[in-house]
Amino acid sequence: DAWGHRLVNALIQEGHPEASEELQIIRAVEDAALSNASLYQLFRFILQICYDSELLTEDGILQWVEDSQDDEDDEEENERDTRRKVLFNEPSVQEFVKWIKDSEEDEDDEEEEEEEDDDE
């Protein structure tokens, strides 16, 4: 299946994936989820596994979130875009998105505290 090839191709790049490569990974998993009911139910968990395995970073996931939210304003969308929107808006996916955003905010707060401690 093409999604598997795209996923493997994105993963075999040397070093940590860049944001565009991370988007390719997420899009490949999205495509798989949209074509397989079992994977559809597991989409959020696949994202979590990729994140925990450091295949995806907060920045890469947040870029996908931003792109997905920008797509909501797109007048010219095809059926796949519509299905991606539905998948993105699944409660379990939104729970994961919220967790990632909260995690990033916590890191920002910790960095600010460390900077304040260094100034003293």
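Treat the numbers as computed from the prediction; the structure is a model and nothing was measured.

We now examine helix H3 (residues 37–52). Across its 16 residues, H3 extends 23 Å between first and last C-alpha, which sits within 8% of the 22 Å expected from 1.5 Å per residue. Remark: the principal bend of H3, roughly 60°, maps to Phe 43. Among all positions of H3, only Phe 43, Arg 44, Leu 47, Gln 48, Cys 50 and Tyr 51 are buried. Of the residues flanking the end of H3, it is Glu 54, one or two places downstream, whose phi is positive at about 65°.

Right, let's talk about unusual backbone geometry for a bit. The residue Glu 54 is not glycine, and still its phi comes out positive at about 65°. Summarising the element assignment, Glu 54 is placed in the loop between H3 and helix H4 (58–71). Of the residues examined, Glu 54 reaches a relative accessible area of 53% and is grouped as exposed.

In this section: the pattern of salt bridges. On inspection of all chains with the given rule, the structure shows five salt bridges. In this structure, Arg 27 and Glu 30 form a salt bridge, with 2.7 Å as the shortest nitrogen-oxygen distance. In this pair, Arg 27 and Glu 30 both sit in helix H2 (residues 19–35), three residues apart, roughly one turn of the helix. With a closest N to O distance of 2.7 Å, Asp 31 and Arg 84 form a salt bridge. On the criterion of sequence distance, the pair formed by Asp 31 in helix H2 and Arg 84 in helix H5 (residues 79–88) is long-range, its members being 53 residues apart. Look at Asp 31 and you get buried, because its relative accessible area is 11%.

This next bit is on the nonpolar core. Counting residues in hydrophobic clusters, the biggest one holds 21 residues, and the most contacted among them are Phe 43, Leu 47, Leu 56, Ile 61 and Trp 64. Ranked by residues supplied to this core, first place goes to H2 with six residues. If near-sequence neighbours (up to four positions away) are discounted, Leu 47 is found in contact with Ile 26, Leu 56, Trp 64 and Phe 96.

Rules used in this analysis
Residues numbered from 1 in each chain as written. Predicted model: local features only at pLDDT ≥ 70, side-chain atom pairs only at ≥ 80, totals over all residues. Heavy atoms only, no water. Helix = DSSP H or I, 4+ residues; strand = E, 2+ residues; numbered from the N terminus. Expected span 1.5 Å × (residues − 1). Bend = angle between axes of the 7 residues up to and from the residue. Buried < 20%, exposed > 50% of the residue type's maximum accessible area, 1.4 Å probe, protein only. Salt bridge = Lys/Arg side-chain N within 4 Å of Asp/Glu carboxyl O. Core = buried A, V, L, I, M, F, W, Y, C linked by side-chain atoms within 4.5 Å. Contact = heavy atoms within 4.5 Å.

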